[in-house]
Amino acid sequence: MQWRWSLVGLAMCTQLAWAHVEANVATEAQLDGIHGIGPATSGRILQARQRGPFTDWADLMLRVSGIGQKKAAQLSQRGLTVNGKSFATPEPPLPSASRTAQ
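*Asks:* Any chance you could explain the packing of aromatic side chains here in plain terms?
*Replies:* The description of an aromatic ring pair uses the distance of the two centres, along with the angle that the planes make with each other. In this structure the tally under the stated criterion is 1 aromatic pair. For the ring pair tryptophan 57 and phenylalanine 87, a centre distance of 5.6 Å and an interplane angle of 75° mean the geometry is edge-to-face. Residue tryptophan 57 is found in helix α4 (residues 57–63), and its partner phenylalanine 87 is found in the loop between β2 (80–81) and α6 (97–100); the two are separated by 30 residues along the sequence. Each of the two residues, tryptophan 57 as well as phenylalanine 87, counts as buried.

*Asks:* What exactly am I supposed to notice about unusual backbone geometry here?
*Replies:* Unusually for a residue other than glycine, asparagine 83 sits at a positive phi of about 55°. Along the chain, the position of asparagine 83 falls in the loop between β2 and α6.

*Asks:* I'm lost on helix α5 (residues 69–77) in this one. Help?
*Replies:* Since one α-helical turn is 3.6 residues long, residues separated by three or four positions face the same way. By the burial criterion, the buried members of α5 are Ala72, Leu75 and Ser76. Down the axis of α5, the buried side of the element spans an arc of 100°, and every buried residue falls inside it. Relative to its buried face, α5 has exposed residues pointing more than 90 degrees away, namely Lys70 and Gln77. In this fold, the buried residues of α5 make contact with α4 and β2. Trailing α5 by a residue or two, glycine 79 shows a phi angle of about 120°, which is positive.

*Asks:* Before we go on, may I ask you to explain the confidence of the model for the chain in this structure?
*Replies:* Note that predicted coordinates carrying low pLDDT should not be read in detail. Taken residue by residue, the chain gives an average pLDDT of 83. The fraction at 70 or more is 73%. Predicted confidence is poor over residues 7–17, with pLDDT under 50, and the contacts of this stretch with residues over four places away or in other chains come to 0 contacts.

*Asks:* I would appreciate a short explanation of the environment of glutamine 47 in the present structure.
*Replies:* Relative to the assigned elements, glutamine 47 resides in helix α3 (residues 39–49). For glutamine 47 and valine 64, which are 17 residues apart along the polypeptide, the C-alpha to C-alpha distance reads 8.7 Å.

*Asks:* Help me understand the nonpolar core, please; the structure alone is not making it clear to me.
*Replies:* Generally speaking, nonpolar side chains in soluble globular proteins are found buried as a group. By size, the foremost hydrophobic cluster in this structure holds 18 residues, and its most contacted members are Phe54, Leu60 and Leu80. Every element with two or more residues in this core is listed here: α3, α4 and α5. What leucine 80 contacts, discounting residues up to four positions off in sequence, is Val21, Ala23, Leu31, Ile34, Ile37, Trp57 and Leu75.

Basis of the calculations
Residues numbered from 1 in each chain as written. Predicted model: local features only at pLDDT ≥ 70, side-chain atom pairs only at ≥ 80, totals over all residues. Heavy atoms only, no water. Phe/Tyr/Trp six-rings, centres within 6.5 Å; stacked < 30°, edge-to-face > 60°. Helix = DSSP H or I, 4+ residues; strand = E, 2+ residues; numbered from the N terminus. Buried < 20%, exposed > 50% of the residue type's maximum accessible area, 1.4 Å probe, protein only. Arc of directions from axis to C-beta. Contact = heavy atoms within 4.5 Å. pLDDT = per-residue confidence, 0-100. Core = buried A, V, L, I, M, F, W, Y, C linked by side-chain atoms within 4.5 Å.

If you want it as structure tokens, here you go:
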């Protein structure tokens, strides 16, 4: 009997760990539920969102102070999405042809 409750608890925790929180529709409580977002950051997100929805992660980072690439990557790993998408770290530029010809 006790093992059944353990399985139920494990299933509930697993569901919560994989829950996505959409920056464009999340409540303050949902944003605060993401590790790394506190009341100040959730307030800045909600305030910026009043001017219109975020088009992508770059837009969110531009409009919400305190969220750069590193923070965006962390928040994305913890479930935050923008327009249903996770943060993708930009690829470094490829070496130019002039550099490789030397």
